[in-house]
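What the coordinates show
What follows is each chain in one-letter form.
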Amino acid sequence: MNSEILGTVLQIALMVGLSYPLGRYIAKVYKGEKNGFDFMAPVERWFYKFCGIDPQEEMGWKKFLIVLLTLNLFWFFWGMVLLVFQGHLPLNPDGNPGQSPDLAFNTCISFMVNCNLQHYSGESGLSYFTQLFVIMLFQFVTAATGMAAFAGMLKGMAGKTTRNLGNFWVYLVKSVTRILMPLSLLVGFILILQGTPMGFDGKMELTTLEGAEQSISQGPTAAVVPIKQLGTNGGGYFGVNSSHPLENPTFLTNIVECWSILILPMAMVFALGFYLKRKKLAYSIFGVMLFAYLAGVVTSTYFEMNGNPEIDRVGIAQQYGSMEGKETRLGSAATALWGMTTTVTSNGSVNGMHDSTMPLSGMMQMLNMQINCWFGGVGVGFMNYYTFIIIAVFISGLMVGRTPEFLGKKVEAREMKIAVIVALLHPFVILVGTALASWLAARNPELAGAWLNNPSFHGLSEMLYEYTSAAANNGSGFEGLADNTPFWNISTGFVLILSRYLPIVGQIAIVGLLASKKYIPESAGTLKTDTATFAFMTFAVIVIIAALAFFPALTLGPIAEYLSF
Amino acid sequence: MKNNKTASLFPGKLVRESLIQAFRKLDPRILFRNPILFTVEVSTFVMLLVTLWVAFDRNAGQGSLGYNLTVLVVLFVTLLFANFAEAIAEARGKAQADSLRKTREETPAKLVVNGEVRTVSSCRLKKGDVFECEAGDTVPSDGEIIEGLASIDESAITGESAPVIREAGGDKSSVTGGTKVLSDRIRVKVTAQPGESFLDRMIALVEGASRQKTPNEIALTILLAGFSLVFVIVCVTLKPFADYTGTLINIAALISLFVCLIPTTIGGLLSAIGIAGMDRALRANVITKSGKAVETAGDVDTLLLDKTGTITIGNRKATRFYPAAGTDERDFIHACLLASLSDETPEGRSIVELGRENGLKMRELNTAGSRMIRFSAETKSSGVDLSDGIRIRKGAYDAIRKICADAGGTFPQETEGIIRKISEKGGTPLVVSVNERVAGVIELQDVIKPGIQERFGRLRKMGVKTVMVTGDNPLTAKYIAEKAGVDDFIAEAKPEDKMQYIRREQHQGKLVAMMGDGTNDAPALAQADVGVAMNSGTQAAKEAGNMVDLDNDPTKLIEIVEIGKQLLMTRGTLTTFSIANDVAKYFAIVPALFIFSVPALEALNIMHLHSPQTAILSAVIFNAIIIPLLIPLALRGVKYKPIGASALLRRNLFIYGLGGIIAPFVGIKLIDMLVSLFF
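About the thresholds
Residues numbered from 1 in each chain as written. Chains lettered and ligands numbered in written order. Predicted model: local features only at pLDDT ≥ 70, side-chain atom pairs only at ≥ 80, totals over all residues. Helix = DSSP H or I, 4+ residues; strand = E, 2+ residues; numbered from the N terminus. Rg over C-alpha atoms; globule rule 2.2 N^0.38 Å. Buried ≥ 20, exposed ≤ 12 C-beta atoms within 10 Å, placed from the backbone. Contact = placed C-beta atoms within 7 Å. Core = buried A, V, L, I, M, F, W, Y, C linked by C-beta atoms within 7 Å. Expected span 1.5 Å × (residues − 1). Arc of directions from axis to C-beta. Axes fitted to C-alpha atoms, helices over the stretch in contact; angles between N-to-C directions. Parallel < 35°, antiparallel > 145°, perpendicular 65-115°, else oblique. Left-handed = near helix turned anticlockwise from the far one by under 90°. Nonpolar A, V, L, I, M, F, W, Y, C, P; charged D, E, K, R; others polar. Pairing = 2+ DSSP bridges. pLDDT = per-residue confidence, 0-100.

Concerning the overall build of chain A
- Counting secondary structure elements, chain A contains 20 helices and 4 strands.
- Its C-alpha atoms give chain A a radius of gyration of 23 Å, near enough to 24 Å, the size a compact globule of 565 residues would have.
- The C-alpha extent of chain A, read off along each of the three principal axes, is 75 × 55 × 50 Å.
- Here chain A, with 565 residues, has 58% of them falling under the buried criterion.
- Looking at chain A alone, contacts between residues at least 24 apart form 78% of all its contacts between residues at least 6 apart.

Some details on the overall build of chain B
- Within chain B, the regular secondary structure consists of 23 helices and 21 strands.
- Taken against the 2.2 N^0.38 rule, which gives 26 Å for 679 residues, the C-alpha radius of gyration of chain B at 34 Å runs more than 25% over that of a compact globule.
- Projecting the C-alpha coordinates of chain B onto the three principal axes gives extents of approximately 120 × 60 × 45 Å.
- Looking at chain B as a whole, 53% of its 679 residues qualify as buried.
- Taking the contacts inside chain B whose residues are at least 6 apart along the sequence as the reference set, 68% of them involve residues at least 24 apart.

Some words on the nonpolar core
All names here are of chain B.
- In terms of nonpolar packing, the biggest core is built from 331 residues, with Ala85, Ile589 and Val620 touching the most fellow members.
- Of all the elements, helix α21 (residues 556–594) adds the most residues to this core, at 21 residues.
- Contacts of Ala85, omitting those with residues within four sequence positions, involve Gly268, Leu269, Ala272, Ile627, Ile631 and Ala634.
- By size, the runner-up hydrophobic cluster in this structure holds 31 residues, among which are Tyr322, Ile422, Val432 and Ala439.

Description of helix α15 (residues 413–424) of chain B
Residues and elements named next belong to chain B.
- Compared with the 16 Å implied by 1.5 Å per residue over 12 residues, the 17 Å span of α15 between its first and last C-alpha is a close match.
- Listed as buried for α15 are Thr415, Ile419 and Ile422. All buried residues of α15 fall inside an arc of 65 degrees around its axis, so they share one side. Away from the buried face of α15 by more than 90 degrees, exposed residues Gln413, Gly417 and Glu424 are located.

Brief notes about the packing of helix α20 (residues 551–563) of chain A against helix α7 (residues 215–244) of chain B
- Between α20 of chain A and α7 of chain B, the shortest axis-to-axis distance is 9 Å and the interhelical angle comes to 15 degrees. Regarding the angle of α20 of chain A to α7 of chain B, the classification is roughly parallel. Of the two possible hands of crossing, α20 of chain A and α7 of chain B adopt the one that is left-handed. For the pair α20 of chain A and α7 of chain B, the contacting residues are Pro552, Ala553 and Leu556 of chain A in the first and Val234, Leu238, Phe241 and Ala242 of chain B in the second.
- Its residues assigned to classes, the contact of α20 of chain A with α7 of chain B comprises 7 nonpolar, no polar and no charged.

Details of the interface of chain A and chain B
- Taken residue by residue, the interface counts 55 residues in chain A and 60 residues in chain B.
- Looking at the side of chain A that touches chain B, its residues break down into 37 nonpolar, 13 polar and 5 charged.

Here we look at helix α16 (residues 452–462) of chain B
Residues and elements named next belong to chain B.
- Buried within α16 we find Ile452, Phe456, Leu459 and Met462. Across the axial projection of α16, the buried residues extend over an arc of 110 degrees, all falling on one side.
- Just downstream of α16 lies Gly463, where phi reads positive at about 90 degrees.

Digging into the environment of Leu48 of chain B
Residue and element names in this part refer to chain B.
- With respect to the element layout, Leu48 can be found in helix α3 (residues 35–56).
- When the 15 C-beta atoms within 10 Å are taken as the criterion, Leu48 is described as partly exposed.
- In the structure, Leu48 is positioned 23 residues away from Val71 in sequence and 9.5 Å away in space, judged by C-alpha atoms.

What about the pairing of strand β2 (residues 213–216) of chain A?
All names here are of chain A.
- Bridging between strand β1 (residues 204–207) and β2 involves 4 bridges; their strand directions are antiparallel. Paired with Thr207 across the bridge in β2 is Glu213.
- The turn linking β1 back onto β2 is made up of 5 residues, and Gly211 within it adopts a positive phi angle of 95 degrees.

Digging into unusual backbone geometry
- At Thr232 of chain A, a position not held by glycine, the phi torsion is positive, near 45 degrees.
- The residue Thr232 of chain A is located in the loop between α8 (221–230) and α9 (251–276) in this model.
- Taking the number of C-beta atoms within 10 Å as the measure of exposure, Thr232 of chain A has 35 and is therefore buried.
- With phi around 65 degrees, Asn285 of chain B is a residue other than glycine that occupies positive phi space.
- Topologically, Asn285 of chain B is positioned in the loop between α9 (264–283) and β9 (286–288).
- According to the C-beta neighbour criterion, Asn285 of chain B is buried, with 22 such atoms within 10 Å.

Let's talk about the packing of α21 of chain B against helix α22 (residues 612–636) of chain B
All names here are of chain B.
- Two elements in contact, α21 and α22, have axes separated by 9 Å at closest approach and are oriented at 170 degrees. Looking at the two axes, α21 sits roughly antiparallel to α22. Contact with α21, carried on its side by Thr570, Leu574, Lys585, Ala588, Ile589 and Ala592, involves Pro612, Ala615, Ile616, Ser618, Ala619, Leu630 and Ala634 of α22 and no other residues of that element.
- Grouping the constituent residues of the contact of α21 with α22 by class yields 10 nonpolar, 2 polar and 1 charged.

Description of the sheet that holds strand β14 (residues 391–395) of chain B
Residues and elements named next belong to chain B.
- Strand order in the open sheet made by the 6 strands is β11-β16-β15-β14-β13-β12, with antiparallel pairing throughout. Whereas interior strands pair on both sides, the edge strands pair on one side only; in this sheet they are β11 (317–323) and β12 (371–373). The average angle at which neighbouring strand axes cross in this sheet is 20 degrees, direction not considered.
- Direction of pairing for β12 relative to strand β13 (residues 381–385): antiparallel, over a ladder of 3 bridges. Each residue of the ladder has a partner; that of Arg371, found in β13, is Asp385.
- α15 contacts β11, β15 (428–434) and β16 (437–445) of the sheet and is inclined by roughly 10 degrees relative to β16.

Quick notes on the pairing of strand β19 (residues 512–516) of chain B
Residues and elements named next belong to chain B.
- For β19, the buried fraction is high: 5 of the 5 residues fall into the buried class.
- Neither face of β19 is open: one carries Val512, Met514 and Gly516, the other Ala513 and Met515, and all of them are buried.
- Summarising the sheet, β19 and strand β20 (residues 530–534) pair through 4 bridges and their orientation is parallel. For Met515, the partnering residue across the bridge sits in β20 and is Val532.

Focus: the environment of Val188 of chain B
Residue and element names in this part refer to chain B.
- Assignment of secondary structure puts Val188 in strand β8 (residues 186–190).
- We classify Val188 as buried; it has 32 C-beta atoms within 10 Å.
- C-alpha separation for the pair Val188 and Val130, spaced 58 residues apart in sequence, amounts to 5.4 Å.
- When near neighbours in sequence (up to four residues on either side) are disregarded, Val188 contacts Val130, Phe131, Cys133, Gly143, Glu144, Ile145, Ile146 and Val175.

Let's talk about the sheet that holds β19 of chain B
All names here are of chain B.
- Judged by pairing direction, the sheet is mixed, and its 7 strands sit side by side in the order β9-β21-β20-β19-β10-β17-β18 without closing on themselves. Of all the strands in the sheet, the pair left with one neighbour each is β9 and β18 (488–490). Across the sheet, the mean angle separating the axes of adjacent strands is 20 degrees when strand polarity is ignored.
- Looking at chain direction, strand β17 (residues 465–469) and β18 are connected through 3 bridges and run parallel. Looking at β18, one finds that Val467 is bridged to Asp488.
- Of the strands in this sheet, β9, β19, β20 and β21 (547–549) are in contact with helix α10 (residues 291–299), which crosses β20 at around 110 degrees.

Some thoughts on the confidence of the model for chain A
- Averaged over chain A, the pLDDT score is 90; the fraction of residues at 70 or greater is 100%.
- Between the elements of chain A, mean pLDDT differs from a low of 79, seen in helix α16 (residues 445–451) of chain A, to a high of 95, seen in helix α10 (residues 279–306) of chain A.

Let's talk about the environment of Tyr30 of chain A
All names here are of chain A.
- Looking at where Tyr30 falls in the secondary structure, it is placed in helix α1 (residues 3–31).
- For the pair Tyr30 and Asn72, spaced 42 residues apart in sequence, the C-alpha to C-alpha distance is 21 Å.
- Setting aside residues no more than four positions away along its own chain, Tyr30 makes contact with Ala151, Leu154, Tyr171 and Tyr275.

With respect to the confidence of the model for chain B
Residue and element names in this part refer to chain B.
- With 92% of its residues at a pLDDT of 70 or more, chain B shows a mean pLDDT of 83.
- Across residues 1–6, confidence stays below pLDDT 50; counting only partners more than four residues off in sequence or on other chains, it has 10 contacts.
- At the level of chain-chain contacts, confidence expressed as ipTM amounts to 0.89, with global pTM at 0.84.

Rendered as structure tokens:
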């Protein structure tokens, strides 16, 4: 077999294989059962005491959400201040200036919502101080926020009739101390061994073999990169993210980093099965997600490895596939795999330029984010899938002649309303945002010229991708778009906030409402939700509702581009 | 009403009436209640403006006038079809209401005031008034008999022509307005306010006037409105996208795309499905007080059924004679028959019947000069004293043992063994004594209704637990429960036991249905999630339940559960069908939208439709005609098959999901072939 394809298969096998035991461990952590990291307990206790948190407090869904949102608001102000004034703060050997307010707004929100859309380059846009105390800190805390929300959801789903979703603080702290920290240390160690820099020296001045003077940015890279991958954050230390040779030096680090993207989102699905003691349910959900992920991987790998037909036509051999915008040390298959991995999750880190991938690869990348629940962001990925489960349960419940119920709770008008709003929001912000931008661009060719590298279909794709990425809290971009302008900074900033918090609030509310309902025992007439049939039903609902809504837009973008070859 | 069962779905008169209604329902104030159809109406209006524009300005760049006009007409027809679906469902109810109303028309009532009888109009009767009815009178209002007994023809309400007996006191004291007294004279106390009688409510209900959306219907409407909103966004944003990429789209195409994508099929049929569900219940001769009750019936987990009449045929029958040791079998049977001479109960008659089967006839018995001993609560036995001084007694084990003991005799051990054996088999032993000595035992057995086991099996597959309620002792109850195939039983049941059982089940989160007739059933009927009162029952029972069964058929509960399930299933399957249709419509319209500017998109025209215009027209035409095609299904309901939830989902997904994807591909292609002859 082709060694590039072998690499892909190996990476996926590693993800799936290791996510199972990790999922079992995560379930134990959130259930408060005995686990291997109990030695962190004194640290956690000290932390609760220091912050004045009562770890025994039980929270209903409203309290849970209030705490979550308040904490996030605090981080917003924290980040704004540090980013704007970073020029005057320590650990800034390269003397980078503070960010402009609209850029700081975008950056701060983008990291606060676990999106990491970057309208700046890390080398010049941040200091080491803000890299660590805004970027890295947020990457830990916001990932843990999503995970804590997921843990609260598990608690609500497991209870027979309960108003208690558990304690948000405990979930948050444990997610950091027992899951994110240990994994980050492990990944960081491998990166340092492979040559990723870790230190506080300023730019390195070098004379190259050709005799040119070069200054190379460095810094505490190995500290930031692991959590960037593991927490589905994706905000690169350097501007070009993991295609940068210091951020992702070797094929081995590429495997480790790519693995890090998907390992937690995959493990979360298994954690659900262990936590609820419904392993079959977890398998069926995992099956759907894996199928969709693999469909993307196969499509993208095929197109990337086959090369660009335009280049074929010119008569240039492309034995390594389409290499525009890709790193030769990684190859086209590894970039295709990463492109799919980073878009099914809400990660958004890249190891090549998505703008340069083949049209249908680009379409799959967008589609992954437009659906946004094939594994998805840590914690929040399943929560998005949950919204579709509620809709699927409703329709299929009716089809078997029973008032719909999920895990023993009746799904009624109120839950339906919330689920519909959440499901609606995603196409709404993406399509309306893109429509607004293309409306402006169509009326003002100058503006279009300043924004977009490419006209016509690909230009539309670039704008569509930007809003899709913002709405999916992904953060990757078709970098042909010049996005550091007030219009893009502010409009995507609002999209980011809406599409992070509204779904979390809605999903936690549904879980809270359902949890407090009377538990109905299963009977032969109850629709089983852990079967292949129901899994297929959910898949169909997602495809028809989420994916087909984008079909006309995608037709005018990547599909038209592909067919015009 | 019963005779309507086989009637056609679309009698000519109803169709005409419904067509008129379909136009009336175009009023936006009415249509606003259905968000999907309302958006279609708005789209039609926009299309009207576009057509006018094209008519006056040939260079509008919106395609030919004929094309725009056709789209306009098709959209308008879509609206009419959807309105028609609702109207025909309502009209069917109304037709029944009209026949009911005839009986209500100004019946004179003989009001009794201070012992004097005055004739007043029935509408002036108030709650608490007393009226009188004689043979030939129509009962003017709902009430309870306080004096007398009468045979009454209830066919106006139940469709059942055999008259029924109603009498003061007890569980058969209620009369319904509109029924006819055939014999005797009764005095009745009015129990309903004017306009709130059973008949009034029934009319209001079938006319759909008091029809409220059920919670489930509301949730589905929200979902469908959500879908529609997504497609509003999809279609509106498409315009700037097209502008930016330099693609021309005409308004008619955009509107067609929108109307095709929103779930018009289910949107148009939704209320018809709800009305038809109640209508089906009505056709099964069950009056529901709300649509919600029918839906709840589909969810029922536990069914409480009375043994007598539901599981077993009314009465016990003698099945075998067991002579005691030392008694000749023929002599014993002889004695049994003599003892049953005066026994006119069905049990007594069945003993005579069994005797005849054994070759003994009443005629051969010498009964001259004998004295009958009637059953009394004191002795708990009956029998006969013959002219030759022989005393024969027949009664329960306790009673006969006492007779023997009083006479100084003992009860034979062997007979006790037989008695125990009979009880274990679910039978009831009747002991016969001759001159205070035990002569033998008659075995009485319950006769289980034929086919009842299969019905319970069917219920079990639906996930419904059946519980038998009986006054029998636990041993007998257990035997019959096993034989009939019910899942649980309540033996020696008192009304409180039913109540307790219902509460316990509900506490576990289950929905309980029960049927009852007596006043002492009323609390349990009110407590149950679905309480079906028999029409012959007391007013209190009818008030407490949320359904009334006009046939007084105890097995009706099973039918009601299926009707409830059918209602939900019809909604679910048509929703699935409607949404699945979108796949094909996308493939018909999207390539057609852009093909002028991006010829390469011809590759997406997988149906090879003739031209962009015919593609769009065939999609909207398909979208319109699928509604009337599905009206029969919406009215009749999707057939429920008790094959387990997962298998049912697979089956319905296959038929309505896959079918919903394939049907429009075929349909649109066929319509395109037709349309391309004109465009």
